Amino acid sequence: MTSAEVDSAATRPPREEAAASGAPHRARDQARARDGSLAPRGLVRRPSFVVGVCLLVGWVVVAVFWPWLAPADPMAQNPSLRLLGPSGGHLFGTDQFGRDVLSRVMAGARPVLEVAPLATALAVAAGSLLGLVCGMRRGLVDEIVMRVVDMFAVFPSLVAAVVVVALAGRSTTTLVLVIATFSTPMVTRSVRAAALVEREKPYVEAARLRGEPFWSLLWREVLPNVSGTVLVEATSGLGNAIFAASTLSFLGLGQAPGSPEWGASVADNRVFLQQCWWTVLFPALAVGSLVVGIALIADNLREQATRR
Amino acid sequence: MSGPREREPAGSNRAAGDPAVDGTAGAAGTGGTAGTGGLIVEGLTVSYPSSAGPAVALHGVSLRIRPGETYGLVGESGCGKSTLAAALAGVLPGGGGIDAGRIALDGVDVRALSAREHRRWRASAFAMVHQGTSSSLDPTIRVGAQVAEVCRLAGLSRAQARSRAVELLGAVRLPEPATLARRWPHELSGGQQQRVGIAAALAGSPRLLVLDEPTTGLDPAVEREILDLIQALRRQIDAAVLLISHDLALVARTCERVGVLYAGRLVEQGAAADLLTSPRHPYTAALVAAVPRVGVSRRERRMPALPGQPPAPTDRPAGCAFADRCALADEVCRTSEPPLAPTGPTGSSAGSADLPEGVADLSDGHTVRCHHSIRVDLPRFQEQVNEVAAEPARPGLLTVRGLSRSYGRTPVLTGIDLDIAHGEVLGLVGESGSGKTTLARAVVGLGPHGPGEIRLDGRPLPVALSRRRADDRRRVQMVFQDPDTTLNPRHTVGMVLRRALATLRGEGTVADLAGRVQLGPRLLPMRTPSLSGGQKQRVAIGRAFAGDPRLVVCDEPVSALDVSVQAAVLELLATARDAHGVSYLFVSHDLAVVGYLADRVAVLYRGRIVEVGPATAVLLGPHHPYTHALTTPVDPVPPGRAGQPGRPGQVRRGSTAATGCGYAESCPRRIDGLCDFVDPPLLPLGGGVTTAVHSVRCHLDAADLPVFPPPAGPAVAAAAEDEKPEKENV
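By convention here, each chain's residues receive numbers from 1 onward along its written sequence. Written order decides the labels, with chains lettered from A and ligands numbered from 1. With the structure being a predicted model, the display of local features is reserved for residues of pLDDT at least 70 and the display and counting of side-chain atom pairs for 80 or more, all residues being used for whole-chain, interface and lining totals. No hydrogens and no water enter the side-chain calculation; it runs on all heavy atoms of the structure.

Structural notes on the overall build of chain A
Alright, step 1. The numbering of helices and of strands both runs from the N terminus, where a helix is a DSSP run of H or I of at least 4 residues and a strand a run of E of at least 2. Along chain A, the regular secondary structure elements total twelve helices and zero strands.
Alright, step 2. Along chain A, helices and strands appear, N-terminal first, in the series α-α-α-α-α-α-α-α-α-α-α-α.
Alright, step 3. Here chain A holds 308 residues, and the buried ones make up 50% of them.
Alright, step 4. Contacts were defined at the residue level, with two residues in contact if any of their heavy atoms lie within 4.5 Å. Partitioning the intrachain contacts of chain A with sequence separation of at least 6 by distance along the chain shows that 73% fall at a separation of at least 24.
Alright, step 5. Shrake-Rupley sampling with a 1.4 Å probe provides the accessible areas, and residues are treated as covered by the protein chains on show and by no other component. By element, 66% of the accessible surface of chain A is carried by carbon and sulfur atoms, the whole surface being about 14,300 Å². Between buried and exposed lies partly exposed: a residue is buried under 20% and exposed over 50% of the maximum accessible area for its type, with that area taken using a 1.4 Å probe on protein chains only.

Right under this line is the structure:
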């Protein structure tokens, strides 16, 4: 459930305040409805948001509970049942070693949902911090950080990732760090832009006038007001991270070949694409549905955030 | 402007519209009292759906505006003024609907029209000018084309529309209309944009013109021009004009009759002069009393504040809606709602005695909705004379010398010298763009940095805020203009005040601090966006006072507030000053507001101080010709010259560096050959009554400087008197 943690991390400060202050319900709802960014009510009414949440939650459930849900052992080979088409016995068919594709797709959710949310959380944390500091402090620090960010942005991230993984060796940690590193610049830019808008507002100037310490300024004054941006960046970053994780596995740089991970499955079976489409299509659909689900959530959050 | 900018072709054929519109208009315009001409609204009730049941925004509102008459509608925010305008246009937002009542214009029952006919009616007979025209002009279309488009909808050919557009731009007194028609909206000033909006509204020859806060956000000088224009046009177009405003003084100057709206009900209605000089409803009386007057300082009269806020539309009390805020309220008021009845013989209104039965609510007479209207008296300002002993001001709290600031290459302030004594209130006035805010920000250490010296208690203050010592920051605090952004929208009131106490090392508890700015403990756990504008500004003031400051810089703290709230906040500032002996640098474009609070006044024009001295001396004169232009409510410039470059309000920042007096090109008393070339020095006027020096930057001799006519009475009343002769025409 790491993805849910990312979400709640971004929304936590304001919620806690509301609970701690014990404000009357109506006032809290009004305040929430007015600034809009985190208003859940409007979002729940949108079908695309609900579809996105269902897809994401569905995959998270599968990733956690697949040992109980999967009809067969995803690693169990059965040479007599090689490359069977979808049927009642094997809904998604079997692969070249006679392994059940449905079970493999279900088991493949776990490595994806381990790597991507962790990487996104790291990227959002680092990017928010950098973005806030740059946006509020400006000057030399901002200049240097933003040039580095530009450098990362122009560099083809996949090529760089291939090089790094090849050098550092294949491991989940490497994968998480590489994806996090290349997701950070986008977050930094967005959060910095949002912070630049906020820093000119009188409430920030008033805080500076009364000598609020810099970190307190970031944490108490500005962060709660850019949390909408952070949340949007977190969700869209998660989609990208899933793609990146699967792509690296497809290239043999993520999960080991033979792993049920979706990218690795597609890579293992791509030679049979002409004859046995089910071995490739279902893992590919799995990646697609998860990414689409997250994109739907991200779009709706972004719309909600810009509507204030 | 939404009305005339209808894009439906239905409106283009005006002849196919209701012939009755034109037919009855002529008869009623000239006709007697019983005609059906003009706007008649009867028993209009409007409500919006809400989670807490229907929110009744208007309740049984009845009014009548004759052709050629201007009717002013006043009241605090949230009393239903804009809802009435939207209901007249038939464009109620948010699912609102008319529950009951009749709207008739020139005998046409507007509510009975079909959707198609209503569109046509709106295109041909209705026009509206909104508050911010800048956002209702299309930035990608030249202004002439935008006005011509409306003319096309009124049925003119392409060529006719084009020439008519130029004609209209001339009619709203825009300079060189033919050239101006080729300009883009962003090339015009705010006042010029508002005129284009009015020109477009007039294009369809409307029978009903609704002006919704037409001058809010404009400079006083520009506001005056727009009002003059509305006055002049009203007689030409012979339409019913509804002017919606929260500004009583403005309504008094412009309108013949005034209606006061409170909690969706019309509580008082009558001739402008009558209603504003002898209000019979306690709410009107409180509003009138809350208007600050030029030259009346807090030392002479404390402003009576109106407590509380209007009730929420979902939560209207059973009896009189005003009972909770009324000093006269008794049991009767709380149980039964008073009817809107003509004022008795005690009222000074003429012609209300012989009203026929049943049409009382549409009469021209003075009507009021109050059980105790006989007992209502305008709090006379002699009553509250409050002799505050003028303690000798100890000089030297703040000294500013040679302060200059610029944005990029554009100079905003040049060579500012300023002194504020301990416990003194220095008012800073000037039109927008004169550098007031930049100066205020420079003093607290914000904004663009530049040369100049700022000393606090004789010790130099670093220019940048980040270099100032914590102790200095604590002693110089600021109250910002916009109440909506001055507080962190994610914080509660309690958090704002707690942080202020913590960082400014203030004493006492959050509740104490809140109490000092008259905020109840009930508000402490509330998020700041759910507060009203006045409450937000109180929190901001409380925040500034948390660490016992010596100087509080107030940048237009009341300009975004309603009149009644403004009075309360000013009063709070006055009380805080007396209690803490703090000094203010009080920035405002409103001379009456500045005059109320300030001991001394400095006048800023294009980044230079043109005059500084004791408040009354500066405001009443002899003073600088520019100060005179600011203080005089009637435009001294002949109409032909209005809107030309160099008028006050059209600041051309680039010319501050030019030689000569900055005000020379718009000055009515310019000395040719001298003012254009030689920059006048800031010289003290001899022989002041007070010890403080009164200096003016002008070549004229002290004896030649203009003088503000001494006020004969309340400014509102005086302005209303001006309108009396015109009433005979109606």
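Past the structure itself, the notes keep going.
Re the overall build of chain B
Alright, step 1. A tally of helices and strands in chain B yields 23 helices and 24 strands.
Alright, step 2. The buried share among the 730 residues of chain B stands at 57%.
Alright, step 3. Long-range contacts, defined here as pairs at least 24 residues apart, represent 72% of the contacts in chain B between residues at least 6 apart.
Alright, step 4. When the accessible surface of chain B is totalled, it reaches about 27,800 Å², and 54% of it is carbon and sulfur.

Examining the packing of helix H7 (residues 157–168) of chain A against helix H8 (residues 172–199) of chain A
Two packed helices can be described by the angle between their axes and the distance between those axes.
All names here are of chain A.
Alright, step 1. For the pair H7 and H8, the least separation of the axes is 10 Å and the interaxial angle reads 150°. Classed by the angle they form, the pair H7 and H8 counts as roughly antiparallel. The hand of the H7/H8 crossing is right-handed. Facing Ser157, Ala160, Ala161, Val164, Val165 and Ala168 of H7, the residues of H8 in contact are Thr174, Val178 and Phe182.
Alright, step 2. Taken together, the residues of the contact of H7 with H8 sort by class into seven nonpolar, two polar and no charged. Each axis is a line fitted through C-alpha atoms, taken for helices only over the stretch in contact, and angles between the N-to-C directions span 0 to 180 degrees. Reported orientations rely on four angle classes, namely roughly parallel under 35 degrees, roughly antiparallel over 145, roughly perpendicular from 65 to 115, and oblique for the rest. Here a crossing is called left-handed whenever its near helix is offset anticlockwise from the far helix by less than a right angle, and right-handed whenever the offset is clockwise. Throughout this entry, Asp, Glu, Lys and Arg are counted as charged residues, while Ala, Val, Leu, Ile, Met, Phe, Trp, Tyr, Cys and Pro are counted as nonpolar. The remaining residues, Gly among them, count as polar.

Examining the environment of B:Leu174
Residue and element names in this part refer to chain B.
Alright, step 1. By secondary structure assignment, the location of Leu174 is in the loop between helix H5 (158–171) and helix H6 (177–180).
Alright, step 2. On the accessibility criterion, Leu174 (4% relative accessible area) is buried.
Alright, step 3. Measuring from C-alpha to C-alpha, the distance between Leu174 and Ala199 comes to 9.7 Å, with 25 residues separating the pair along the chain.
Alright, step 4. Not counting residues up to four positions away in its chain, the partners in contact with Leu174 are Leu169, Leu180, Gln192, Arg195 and Val196.

Overview of the sheet that holds strand E11 (residues 341–342) of chain B
Residue and element names in this part refer to chain B.
Alright, step 1. If DSSP finds at least two bridges between two strands, the strands pair. Strand order in the open sheet formed by eight strands is E6-E7-E8-E3-E9-E10-E12-E11, and the pairing between neighbours is mixed. Each end of this open sheet is capped by a strand with a single partner; those strands are strand E6 (126–129) and E11.
Alright, step 2. Two strands pair when backbone bridges link them, and strand E3 (residues 70–74) and strand E9 (residues 257–262) are joined in this way by four bridges, in the parallel orientation. Across the sheet, the residue bridging to Gly72 is Val258, located in E9.
Alright, step 3. The strands that helix H7 (residues 190–202) touches are E6 and strand E7 (208–212); relative to E6, the one it contacts most, it runs at about 175°.

Quick notes on the pattern of salt bridges
Alright, step 1. By salt bridge we mean one thing: a side-chain nitrogen of Lys or Arg within 4 Å of a carboxyl oxygen of Asp or Glu. According to the stated counting rule, one finds 32 salt bridges over all chains in the structure shown.
Alright, step 2. Ionic pairing is found between B:Arg164 and B:Glu167, a salt bridge with its closest N-O pair at 3.1 Å. Taken together, the residues B:Arg164 and B:Glu167, both in helix H5 and three residues apart, mark about one turn of the helix.
Alright, step 3. In this structure B:Arg164 comes out as partly exposed when scored by relative accessible area, which is 25%.
Alright, step 4. Within the structure, one salt-bridge network assembled from shared partners comprises A:Glu143, A:Arg147, A:Asp150 and A:Arg189.

Some points on helix H9 (residues 202–209) of chain A
Residues and elements named next belong to chain A.
Alright, step 1. In terms of burial, H9 is a largely internal element, seven of the eight residues being buried.
Alright, step 2. Buried within H9 we find Pro202, Tyr203, Val204, Glu205, Ala206, Ala207 and Leu209.
Alright, step 3. The positive-phi residue at the C-terminal boundary of H9 is Gly211, with phi of around 80°.

A short note on the sheet that holds strand E5 (residues 108–109) of chain B
Residues and elements named next belong to chain B.
Alright, step 1. The strand order E2-E1-E4-E5 describes an open sheet built from four strands, whose pairing is antiparallel. Where the open sheet ends on each side, the last strands, each with one partner, are strand E2 (55–65) and E5.
Alright, step 2. In terms of strand pairing, strand E1 (residues 39–48) meets strand E4 (residues 97–105) through seven bridges, oriented antiparallel. By the bridge assignment, Val41 is partnered in E4 with Ile103.

Considerations on the packing of helix H4 (residues 143–153) of chain B against H7(B)
Residue and element names in this part refer to chain B.
Alright, step 1. The interhelical angle for the contact between H4 and H7, taken along N-to-C directions, is 20°, at an axis separation of 8 Å. In terms of axis orientation, H4 runs roughly parallel to H7. Note on packing geometry: the crossing formed by H4 with H7 is right-handed. Here Val143, Val147 and Val150 of H4 lie close against H7, whose contacting residues are Val196, Ala199 and Ala200.
Alright, step 2. Here the contact of H4 with H7 is built from residues that sort into six nonpolar, no polar and no charged.

Digging into the state of the cysteines
Alright, step 1. By definition, disulfides here are pairs of cysteine sulfur atoms that lie within 2.5 Å. The full count for this structure, using the stated rule, is zero disulfides over all chains.
Alright, step 2. The thiol of B:Cys320 is not disulfide-bonded; the next cysteine sulfur, from B:Cys333, is found 5.8 Å away.

Quick word on the packing of aromatic side chains
The relative placement of two aromatic rings is captured by the distance of their centres and the angle of their planes.
Alright, step 1. Pairing of aromatic side chains requires ring centres within 6.5 Å, counting the rings of Phe and Tyr and the six-membered ring of Trp. Pairs whose planes differ by under 30 degrees are stacked, by over 60 edge-to-face, and all others tilted. Within the structure shown, the criterion is met by 15 aromatic pairs over all chains.
Alright, step 2. Aromatic side chains B:Tyr605 and B:Tyr663 sit 5.1 Å apart centroid to centroid with 85° between the ring planes, which places their arrangement in the edge-to-face category. Of this pair, B:Tyr605 sits in strand E21 (residues 600–605) while B:Tyr663 is found in the loop between helix H21 (625–631) and strand E23 (682–684), placing the two residues 58 residues apart along the sequence.
Alright, step 3. A residue is classified by how much of its surface remains accessible, and B:Tyr663, at 2% relative accessible area, is buried.
Alright, step 4. Each residue in the set A:Phe92, A:Trp277, A:Trp278 and A:Phe282 is aromatic and connected to the rest through ring pairs, giving one cluster.

Some words on the nonpolar core
Alright, step 1. Judged by nonpolar contacts, the single largest core of 129 residues is most densely connected at B:Ile198, B:Tyr283, B:Tyr584 and B:Phe586.
Alright, step 2. Sorting elements by how many residues they give to this core places helix H18 (residues 563–580) of chain B first, with eight residues.
Alright, step 3. Setting aside residues no more than four positions away along its own chain, B:Tyr283 makes contact with B:Gly75, B:Glu76, B:Cys79, B:Val260, B:Leu261, B:Tyr262, B:Val267, B:Leu306, B:Phe322 and B:Arg325.
Alright, step 4. Only buried residues count toward a nonpolar core, which is a set of Ala, Val, Leu, Ile, Met, Phe, Trp, Tyr and Cys residues joined through side-chain atoms within 4.5 Å. Counting residues in each nonpolar core, the second largest holds 48 residues, with A:Ala119, A:Ile242, A:Trp262 and A:Val291 among its members.

Focus: the UniProt feature "transmembrane region" (unreviewed entry) in chain A
Alright, step 1. UniProt positions are given in the numbering used here, feature names are shortened, and annotations may be inferred rather than shown by experiment. Sites flagged by UniProt as "transmembrane region" (unreviewed entry) map to residues 49–69, 115–136, 148–168 and 277–298 of chain A.
Alright, step 2. Summarising residues 115–136 of chain A: 100% helix, 0% strand, and an end-to-end C-alpha distance of 32 Å.

Section: a nonpolar patch on the surface
Alright, step 1. Where nonpolar side chains cluster on the molecular surface, the patch consists of A:Val57, A:Val61, A:Val64, A:Phe65, A:Trp68 and A:Leu69 and spans about 580 Å² of accessible area.
Alright, step 2. Residue position: A:Phe65 is located in helix H4 (residues 47–69). Candidate patch residues must exceed 30% relative accessible area and have no salt bridge, after which like charges are joined if within 9 Å and Val, Leu, Ile, Met, Phe, Trp or Tyr side chains if within 5 Å.

Examining the pairing of strand E14 (residues 410–422) of chain B
All names here are of chain B.
Alright, step 1. Two elements, strand E13 (residues 394–407) and E14, share eight bridges in a ladder whose sense is antiparallel. Looking at E14, one finds that Tyr407 is bridged to Thr410.
Alright, step 2. From the end of E13 to the start of E14, which pair antiparallel, there are two residues, and Gly408 there has a positive phi angle of about 60°.

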